[in-house]
Amino acid sequence: MDRPASLPVPRPAVAALPRYVPGARGSAGGPPPVKLSSNESPYPPLPSVAQAVAAAGEVAHRYPDMFAVELHERIGSFLGLSAESVAVGGGSVAALHHVLQAYAAAGDEVIFAWRSFEAYPILTQVAGATAVPVPLLADGRHDLDAMAAAITDATTVILLCSPNNPTGPALRSTEVEDFLAKVPSRVLVVLDEAYVEFVRDPEVIDGRAALDRHPNLLIARTFSKAYGLAGLRVGYVAGDPELIAPVRSCVTPFSVSAPAQTAAIVSLEARDELLERVESVVTERVRVADALAGLGWNVPDAQGNFVWLPAGERTAEIAAALADAERPVLVRPFAGEGIRVTIGAPEENDALLAALREWA
Ligand SMILES: *Cc1c(COP(=O)(O)O)cnc(C)c1O
């Protein structure tokens with residue numbers, strides 16, 4: 001078919017976005033790679049969760065509960081909040097997208113640390129707003145003083161990531177309280193706690209408790225990481241119902257499927273069992289971080305289910321060497337900066353350490 005000279009034109013902010021590039025998958029025919037590139041749980045769903053998902057599949061010809069009433073109630077009671085204080089989405093990425101749709105328009109500025117979660121600049125741009133990335137400190141922590149200094153009359157949203165993906169450190173209670181004291185109350189602050197269950201830093205900010213002190217604060221959480229439901233897509237934001245209502249208005253109807261709703265509910269019920277798995281990941285994280293330090297790596301404080309290798313200019317070379325190792329290991333390289341490696345099962349982590357020794 002001949003293409004006409006003029007075709008529909010996307011919004012400039014969208015045209016400027018990078019085209020989607022599929023992630024690494026390992027080479028066909030080679031040994032199966034160890035996938036430590038997406039911060040997934042190494043554990044499959046609990047049998048109770050798998051059963052609930054299968055049962056939901058039996059009635060997949062029906063729409064899910066459009067308002068996910070029970071899920072909102074369960075998350076609310078888990079947090080000690082009302083159901084109206086919660087907005088669920090297809091993953092917390094979607095929930096964050098809806099927050100930005102609700103609070104950031106053309107001309108508005110959205111501040112976040114950088115490097116941080118890759119979705120932040122994209123979601124900001126799709127909303128039509130202007131991204132204001134503020135460089136991290138050398139140890140991978142947020143530079144909250146610089147972030148406070150970046151606030152202007154145009155700032156409408158600030159995204160905080162604790163622990164920071166991909167570098168690892170969690171935000172501390174005192175630094176966040178000092179920061180929030182400098183943020184005008186008309187600015188929305190979102191604390192993204194995607195990895196909150198993995199944090200062992202005793203000084204970490206307790207996002208849920210902070211909601212009671214700061215009416216302009218929201219927290220974002222997900223079932224993808226500690227709860228191991230990345231493939232089902234369910235997460236949420238929570239805070240004052242007045243702040244949440246506009247977010248709910250932006251949610252794509254029916255975007256959290258019935259299997260995802262039911263899996264999230266069953267997983268909240270099985271939380272203690274899931275937290276035992278989280279504990280194993282934390283134990284492995286400590287072991288891997290120590291081993292990496294032994295290999296000479298200066299790993300920032302790792303509080304999520306991942307570690308950061310500050311590989312700098314050697315990032316691409318090392319990531320390629322890991323993918324080519326005797327037992328290939330897929331990681332998440334950020335060219336010129338470093339490599340994020342997910343903590344997997346013990347033998348997967350051993351494969352990573354072996355591949356790194358092989359390279360060195
Ligand atoms: C993984 C992650 C999320 C959530 O992912 P979903 O699968 O969409 O729930 C949110 N924020 C950060 C920082 C993450 O790393």
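Reading guide: rules and limits
- Residues numbered from 1 in each chain as written.
- Predicted model: local features only at pLDDT ≥ 70, side-chain atom pairs only at ≥ 80, totals over all residues.
- Heavy atoms only, no water.
- Helix = DSSP H or I, 4+ residues; strand = E, 2+ residues; numbered from the N terminus.
- Rg over C-alpha atoms; globule rule 2.2 N^0.38 Å.
- Buried < 20%, exposed > 50% of the residue type's maximum accessible area, 1.4 Å probe, protein only.
- Contact = heavy atoms within 4.5 Å.
- Areas by Shrake-Rupley, 256 points an atom, 1.4 Å probe, with all protein chains shown as cover.
- Lys, Arg positive; Asp, Glu negative; His and termini not counted.
- Charge placed at Lys NZ, Arg CZ, Asp CG, Glu CD.
- Expected span 1.5 Å × (residues − 1).
- Pairing = 2+ DSSP bridges.
- Axes fitted to C-alpha atoms, helices over the stretch in contact; angles between N-to-C directions.
- Near = heavy atom within 4 Å.
- Polar contact = N/O pair within 3.5 Å; in protein donor to acceptor, adjacent residues only side chain to side chain.
- Nonpolar A, V, L, I, M, F, W, Y, C, P; charged D, E, K, R; others polar.
- Phe/Tyr/Trp six-rings, centres within 6.5 Å; stacked < 30°, edge-to-face > 60°.
- Lys NZ or Arg CZ within 6 Å of the ring centre and 35° of its normal.
- Core = buried A, V, L, I, M, F, W, Y, C linked by side-chain atoms within 4.5 Å.
- Domains from an automatic or database assignment.
- Buried area = accessible area lost by both parts, 1.4 Å probe.
- Salt bridge = Lys/Arg side-chain N within 4 Å of Asp/Glu carboxyl O.
- Parallel < 35°, antiparallel > 145°, perpendicular 65-115°, else oblique.
- Left-handed = near helix turned anticlockwise from the far one by under 90°.

1. Digging into the overall build of the protein chain
Tallying secondary structure elements over the protein chain gives 13 helices and 12 strands in all. Against the compact-globule benchmark of 21 Å for 360 residues, the protein chain has a radius of gyration of 21 Å, which places it among compact chains. Overall, the protein chain is about 65 × 55 × 50 Å in size when its C-alpha atoms are taken along their principal axes. The buried share among the 360 residues of the protein chain stands at 49%. Considering only contacts in the protein chain between residues 6 or more positions apart, those separated by 24 or more positions represent 74%. Surface summary for the protein chain: the accessible area is close to 16,600 Å², and the carbon and sulfur share equals 56%. Where the 28 positive side-chain charges of the protein chain centre and where its 43 negative ones centre are 4 Å apart.

2. Thoughts on helix α11 (residues 271–294)
In a regular helix each residue adds 1.5 Å, so 24 residues correspond to 34 Å; α11 covers 34 Å between its end C-alpha atoms and thus fits that length. Taken together, the buried positions of α11 are Leu274, Val278, Val281, Val282, Glu284, Arg285, Val288, Ala289 and Leu292. As for α11, its buried residues are in contact with α10 (258–269), β9 (306–309) and α13 (346–359). Trailing α11 by a residue or two, Gly296 shows a phi angle of about 100 degrees, which is positive.

3. Points about the sheet that holds strand β11 (residues 332–334)
Reading across from one edge, β9-β12-β11 is the order of the 3 strands in this open sheet, with antiparallel pairing throughout. Edge positions in the sheet fall to β9 and β11, since each of these pairs with one other strand and no more. Each strand of the sheet is rotated relative to its neighbour by a mean of 20 degrees, with strand direction disregarded. The pairing of β9 with strand β12 (residues 338–342) spans 4 bridges and is antiparallel. For Trp308, the partnering residue across the bridge sits in β12 and is Arg340. Here helix α12 (residues 315–323) sits on the sheet in contact with β11 and β12, set at roughly 35 degrees to β12.

4. Concerning the site of the ligand
Lining the immediate environment of the ligand, one finds 13 residues, of which Ser92, Tyr195, Thr222, Ser224 and Lys225 sit closest. The contact in question runs from an oxygen atom of the ligand to an N or O atom on the side chain of Tyr195, over 2.6 Å. For the ligand, an oxygen atom lies 2.6 Å from a polar atom in the side chain of Ser224. When the ligand sits alone it has 380 Å² of accessible area, and the protein chains cover 95% of it. Grouping the constituent residues of the shell around the ligand by class yields 5 nonpolar, 5 polar and 3 charged.

5. Looking at the packing of aromatic side chains
Overall, the coordinates contain 8 aromatic pairs when judged by the stated rule. Ring pairs connect the aromatic residues Phe112, Trp114, Phe117 and Tyr120, which therefore count as one cluster. Lying over the aromatic face of Phe334, Arg332 brings its terminal NZ or CZ to 4.4 Å of the ring centre.

6. Quick word on the nonpolar core
Core analysis: the largest hydrophobic core is formed by 81 residues, its most contacted members being Ile158 and Leu160. Setting aside residues no more than four positions away along its own chain, Ile158 makes contact with Ile111, Met147, Ile151, Phe179, Val183, Val187, Leu188, Val189 and Val190. Formed by 24 residues, the second largest nonpolar core is a distinct cluster that contains Val99, Ala119, Leu123 and Val237.

7. Some points on the domain arrangement of the protein chain
As far as domains go, the protein chain holds domain 1 (12–45 + 272–359) and domain 2 (48–270). Between the C-alpha centres of domain 1 and domain 2 there is a distance of 24 Å. Opposite the 27 residues of domain 1 that make contact, domain 2 presents 29 residues. Considering only the surface of domain 1 that becomes buried against domain 2, Leu274, Gln303 and Phe306 emerge as the three largest contributors, covering 23% of it. Along the contact surface separating domain 1 from domain 2 lie 4 salt bridges.

8. Points about the packing of helix α4 (residues 92–103) against helix α5 (residues 119–127)
Axis angle and axis distance: for two packed helices, these are the angle between their axes and the distance between the axes, and together they describe the pair. The geometry of α4 relative to α5 is characterised by a closest axis approach of 9 Å and an angle of 40 degrees between their N-to-C directions. Taken together, the axes of α4 and α5 lie oblique to each other. Crossing of α4 over α5 shows right-handed handedness. Between α4 and α5, the contacting residues are Val93, Leu96, His97 and Leu100 on the first element and Tyr120, Leu123, Thr124, Val126 and Ala127 on the second. Taken together, the residues of the contact of α4 with α5 sort by class into 7 nonpolar, 2 polar and no charged.

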